[in-house]
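Here is what each chain is made of, one letter per residue.
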Amino acid sequence: MATHSATLREPLPGTLPGTLLREVRRVGADAAPVDLRIAQGVIEEIAPAGGLAARADDEVVAAGGAWVGPGLWDHHTHMDQWSLARRRIDVSACTSAAELARTMADAAGSRDRDRDPVLIGHGFRDGVWPDRAERALLDAAVPGRPAVAISHDLHTVWANGAALDLLARGLGRSLPEDGVLREADAFDATGQLSRVPEGTLDGWVREAVRDAAWRGVVGVVDLEMGFGIETWRRRMAAGADALRVRSGIYPRDLERALRSGLRTGQAIEGTAGLLAVGPFKLVLDGSLGTRTAWVEDAYDAHADGTDGTDGTDHGLRALPPEEALALTRRAHAGGLVPALHAIGDRAVALALDIFEETGAHGSIEHAQLVSEKDLPRFAELGVEASIQPEHAMDDRDVADRHWSGRTGRAFAFGSLVQAGARLRLGSDAPVAPLDPWISMAAAVARERDGREAWHPEQRISREIAWSASTDGRRTIGVGDTADLVLTAEDPLAMPPSALRDMEVLGTIRGGAWTHRAL
């Protein structure tokens, strides 16, 4: 994937020179051009165009009528996996297991074995395939060389025999003989496959950070499955400092975090305020793509049974409700805000029950299928819906097939808004690209690739999508932190589909340019 580091201007450590933006227009405000002065990382003055005199230490930037607004946030990412996926074999376009096997065979012929001892594909979606993923198929395609394919949602890993043996040795336990690993097995296998030299991965993450800044992003919530506080401290010290990062905590690190006195929102010392403790992430069910999201009504089985269900399958409950409740209560008592992964309607109901029982205010991550009776509970309990709108575009056919008759309440963004829920938008990168413009376009248009809109009644307004992508800020004013994005067009006036290709002219994080094309 191409990077855009040529436009990046690294801020000098410890310096925040003044910047005077001439003739900009504020998103979400009067369109009249203004001058805007940034000093010491905040917006110090705003005046009608031509109304501010330059100071000796100001850099004067002629913006030519560019639009300026609060910088963008991606509220759900997996930065290590996103950085790794960008270098793996893209199998997202494969429409069958047989086609994926051919793609991997072609890659085996073109990729040097010393450089890529394990062939790793990423992004397959088998929910509407006409055939099954089977170990024998990959064995025949790539004989004798470890080869795996990771599903787009990371909940399935398909391995040939050589890779299965390698993964089993690394994990110290046996794995399913058919080579199709799901949920916990898939996550553990992905962890093994992600073991690259620290410096190498840090470099790849730095490139991903720069590319995010190129798209106007100033911050991410990183929910990588690992203790990211020390990792991000190291990366930022080495120059990966174009983004603010809120690093999540998983159950395996909960006691460590509590012993260290970490609380959600707490700034981490030595990172100039760029790194903060994120939420406590707890997974309650699986995914739609893997047909393991925990649902009230059984998944619809294919006539040939290729989806692995028998018409009575309701998905997967990741852990007992009493355990989920105890973990959430423990985290909440220690000052960690819960972020509960819940995709199916039964999992969403359980998450809401947990929030009600504990009195915690946090988020439900994904909320892809919600019962009508649970919609108002989000607002009543003060629970945010952290959604990834591009998933609706990626998974519409899978949902129509496996959640038939209930897709009116699938990815129900409009219904959530009407019920008073507060939304946060993200990508779940690498499940979808780390690009908030893509998320906004999907939320507002509910269409892509020239297809008709899917459940257009679930569209949301540009204004709601915008504030849900800017950490809740609709516009900018004097005294605000200078986390800004400059664009060629007004995001609130463009045709929804045009948002995907938004031209970003500049990104400013804390008063410092992290991307600049002006």
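Every value quoted in this text rests on a predicted model; they were computed, and no experiment measured them.

1. Some details on the pattern of salt bridges
If you walk through the whole model with that rule in mind, you get 42 salt bridges. Where R125 meets D394, a salt bridge forms, and the shortest distance between an N and an O atom there is 3.2 Å. Of this pair, R125 sits in the loop between β7 (119-124) and α3 (135-141) while D394 sits in helix α12 (residues 390-402), and the two are 269 residues apart along the sequence. Each member of the pair R125 and D394 is classed as buried. With its nearest N and O atoms 3.5 Å apart, the salt bridge here joins E198 to R234. Note that E198 is positioned in helix α6 (residues 198-214) and R234 in helix α7 (residues 228-237), a separation of 36 residues in sequence. If you follow the salt bridges from partner to partner, you end up with R125, E390, D394, D395, R448, D449 and R500 in one network.

2. A look at the packing of α6 against α7
At a closest axis distance of 11 Å, the pairing of α6 and α7 adopts a crossing angle of 70°. In terms of their interaxial angle, α6 and α7 are classed as roughly perpendicular. In this structure, α6 contributes E198, L201, D202, V205 and V209 to the contact, and α7 contributes W232, R234 and R235. Partitioned by chemical class, the residues of the contact of α6 with α7 number four nonpolar, no polar and four charged.

3. Points about the side chain of R406
For R406, the position within the fold is in the loop between α12 and α13 (413-418). Classification of R406 by relative accessible area gives buried; the value is 6%. Of the polar contacts made by the side chain of R406, one reaches the backbone oxygen of A298; its length is 2.6 Å. With residues up to four places along the chain from it excluded, the contact list for R406 reads V295, D297, A298, Y299, D300 and L369.

4. A word on helix α4 (residues 161-171)
Taken as a whole, α4 has its buried residues at G161, A163, L164, L167 and A168. Burial along α4 is one-sided: seen end-on, the buried residues are contained in an arc of 155°. Taken together, the buried residues of α4 touch α3, β8 (147-151), β9 (156-159), β10 (180-182) and α5 (184-193).

5. Remarks on the pairing of strand β12 (residues 244-249)
Across the six residues that make up β12, a large majority, five, are buried. In the sheet, strand β11 (residues 217-222) pairs with β12 via four bridges, with the strands oriented parallel. Counterpart to V221 in the pairing with β12 is R246. For the handedness criterion, the β-α-β arrangement of β11, α7 and β12 is classed as right-handed. Two elements, β12 and strand β13 (residues 275-283), share four bridges in a ladder whose sense is parallel. Note that in β13 the partner of I249 across the bridge is F280.

6. Quick look at the pairing of β13
The element β13 is largely enclosed, with a buried count of nine among its nine residues. Summarising the sheet, β13 and strand β14 (residues 338-342) pair through four bridges and their orientation is parallel. Considered in β14, the bridge of V283 is made with H341.

7. Quick notes on the nonpolar core
Where a protein is soluble and globular, its nonpolar side chains tend to be buried together. The biggest cluster of nonpolar side chains holds 96 residues, and the ones touching the most others in it are L284, I364, F378, W403 and W437. Broken down by element, this core gets its largest block of residues, seven residues, from helix α10 (residues 345-358). If you look at the next biggest cluster of nonpolar residues, it comprises 19 residues, including I89, V91, L100 and V142.

8. Considerations on the environment of I43
One can find I43 in strand β3 (residues 42-48). Through-space distance from the C-alpha of I43 to that of L20 is 9.9 Å; in sequence the pair is 23 residues apart.

9. Some details on the packing of aromatic side chains
Counting across every chain of the model gives six aromatic pairs. When the ring of F411 is compared with that of F413, the centres are 6.5 Å apart and the planes differ by 80°; the resulting orientation is edge-to-face. No difference in accessibility class separates F411 from F413, as the two residues are buried. Sitting above the plane of the W73 ring, R246 keeps its charged end 3.9 Å from the centroid. A cation over a ring is seen here: R516 above W513, with NZ or CZ 4.8 Å from the ring centre.

10. Regarding the confidence of the model for the protein chain
Per-chain confidence: the protein chain averages 93 in pLDDT, with 95% of residues scoring 70 or above. Low pLDDT, under 50, characterises residues 1-15; the stretch is placed with 26 contacts to residues that sit more than four places away or in other chains. In this model residues 302-312 is a low-confidence stretch, pLDDT under 50, and it forms 23 contacts with partners more than four residues away in sequence or in other chains.

11. Side note on the sheet that holds strand β18 (residues 484-487)
Strands sit in the order β3-β2-β1-β4-β18-β19-β20 across an open sheet of seven strands; the sheet is mixed. Edge positions in the sheet fall to β3 and β20 (512-516), since each of these pairs with one other strand and no more. Neighbour-to-neighbour, the strand axes of the sheet open up by a mean angle of 35°, direction not taken into account. Summarising the sheet, strand β2 (residues 34-39) and β3 pair through six bridges and their orientation is antiparallel. Within β3, the residue paired with D35 across the bridge is A47.

12. Here we look at unusual backbone geometry
Peptide bonds are trans in most cases, and residues, glycine excluded, mostly fall at negative phi. Omega for the peptide link from A429 to P430 comes to 20°, which places this bond in the cis form. By secondary structure assignment, the location of P430 is in the loop between β17 (423-425) and α14 (436-445). Although it is not a glycine, Q40 adopts a positive phi angle of roughly 55°. As for its position among the elements, Q40 is in the loop between β2 and β3. Residue classification places Q40 among the exposed residues on the basis of a relative accessible area of 66%. At D428, a residue that is not glycine, the phi angle is positive and equals roughly 60°. By secondary structure assignment, the location of D428 is in the loop between β17 and α14.

Here is what the cut-offs are and how they apply
- Residues numbered from 1 in each chain as written.
- Predicted model: local features only at pLDDT ≥ 70, side-chain atom pairs only at ≥ 80, totals over all residues.
- Heavy atoms only, no water.
- Salt bridge = Lys/Arg side-chain N within 4 Å of Asp/Glu carboxyl O.
- Helix = DSSP H or I, 4+ residues; strand = E, 2+ residues; numbered from the N terminus.
- Buried < 20%, exposed > 50% of the residue type's maximum accessible area, 1.4 Å probe, protein only.
- Axes fitted to C-alpha atoms, helices over the stretch in contact; angles between N-to-C directions.
- Parallel < 35°, antiparallel > 145°, perpendicular 65-115°, else oblique.
- Contact = heavy atoms within 4.5 Å.
- Nonpolar A, V, L, I, M, F, W, Y, C, P; charged D, E, K, R; others polar.
- Polar contact = N/O pair within 3.5 Å; in protein donor to acceptor, adjacent residues only side chain to side chain.
- Arc of directions from axis to C-beta.
- Pairing = 2+ DSSP bridges.
- Right-handed = clockwise from strand over helix to strand, strands pointing away.
- Core = buried A, V, L, I, M, F, W, Y, C linked by side-chain atoms within 4.5 Å.
- Phe/Tyr/Trp six-rings, centres within 6.5 Å; stacked < 30°, edge-to-face > 60°.
- Lys NZ or Arg CZ within 6 Å of the ring centre and 35° of its normal.
- pLDDT = per-residue confidence, 0-100.

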